[in-house]
Amino acid sequence: MVHLPLTAAPKDGHHKGNLTMTAITSSSASASNADLAATLLRVTSGVWFLLHAGLKIFIFTPAGTAGFFESIGLPAILAYVVIAAELLGGLALIAGFKTRIVSLALSVILIGSIYTPHFAAGFFFSNPNGGWEFPAFWTLTLWALALLGDGAYAVGKR
């Protein structure tokens, strides 16, 4: 408990002393904020992974994505693994299922995207061929999420 001194002036304007107000603080209030923050990171990251999987499925096509992976020296099969990981990982994050593990696993994909193809393009994502700024930030976001855990409204709530 925290005791906060309050000075109250009666209507006649004369101070008769200090009043003490007791406020109850608990870790559950801050945990609630941390849980909500984790939920925000978890759901938005999950949606972003679904959008990236959708881009590879519906715009580039899985075969086109595999061809791109081959063109930068990666095995074509890895494209299908990445698409599946982004799709299933995105759904798992949105649901709050195994958030810590899924976040760390998906960060491996992002680190791979930093190394190949984004690193050669420089830091800023606005550079031609996209730099590694965004994947690096997203990786750090996933690491923060791995530390925070499921958050609120998660099927795997701790």
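So, about the confidence of the model for the chain. The predicted model of the chain averages 86 in pLDDT, with 80% of residues at 70 or higher. Every residue in residues 1-7 scores below 50 in pLDDT, and together they form 18 contacts with partners more than four places removed in sequence or on other chains. Segment residues 19-30 is flagged for pLDDT under 50; beyond a separation of four residues in sequence, or across chains, it makes 16 contacts in the model.

Looking now at the side chain of Ser107. Looking at the secondary structure, you find Ser107 in helix H4 (residues 99-118). You can call Ser107 buried: its relative accessible area is 3%.

Counted by the stated rule, this structure contains seven aromatic pairs. Here the aromatic residues Phe49, Phe125, Phe134 and Trp138 are joined through ring pairs into a cluster of three or more.

Right, let's talk about helix H3 (residues 76-95) for a bit. The terminal C-alpha atoms of H3 lie 29 Å apart, and with 20 residues this matches the ideal 28 Å at 1.5 Å per residue to within 8%. Within H3, the full set of buried residues consists of Ala76, Ala79, Val82, Ile83, Glu86, Gly89, Gly90, Ala92 and Leu93. At the C-terminal side of H3, Gly96 shows a positive phi close to 80°.

Another aspect to go through is unusual backbone geometry. Cis peptide bonds are those with omega within 30 degrees of zero, and the linkage from Thr116 to Pro117 qualifies with 15°. Summarising the element assignment, Pro117 is placed in helix H4. The phi dihedral of Lys98 falls on the positive side, at around 50°, and the residue is not glycine. Tracing the backbone shows Lys98 in the loop between H3 and H4. Relative accessible area serves as the criterion here: at 47%, Lys98 is assigned to the partly exposed category. Look at Asn129: it is not a glycine, yet its phi comes out positive at around 70°. For Asn129, the position within the fold is in the loop between H4 and helix H5 (133-148).

Our focus in this paragraph is the nonpolar core. Nonpolar side chains tend toward joint burial in soluble globular proteins. Ranked by internal contacts, the top residues of the largest apolar core, which has 16 residues, are Phe49, Leu93, Val102, Leu106, Leu110, Trp138 and Leu142. For this core, the elements supplying multiple residues, two or more each, are helix H1 (27-59), helix H2 (62-71), H3, H4 and H5. Examining the composition of this core, we find that five residues originate from one element, H3, more than from any other.

Rules and cut-offs
Residues numbered from 1 in each chain as written. Predicted model: local features only at pLDDT ≥ 70, side-chain atom pairs only at ≥ 80, totals over all residues. Heavy atoms only, no water. pLDDT = per-residue confidence, 0-100. Contact = heavy atoms within 4.5 Å. Helix = DSSP H or I, 4+ residues; strand = E, 2+ residues; numbered from the N terminus. Buried < 20%, exposed > 50% of the residue type's maximum accessible area, 1.4 Å probe, protein only. Phe/Tyr/Trp six-rings, centres within 6.5 Å; stacked < 30°, edge-to-face > 60°. Expected span 1.5 Å × (residues − 1). Core = buried A, V, L, I, M, F, W, Y, C linked by side-chain atoms within 4.5 Å.

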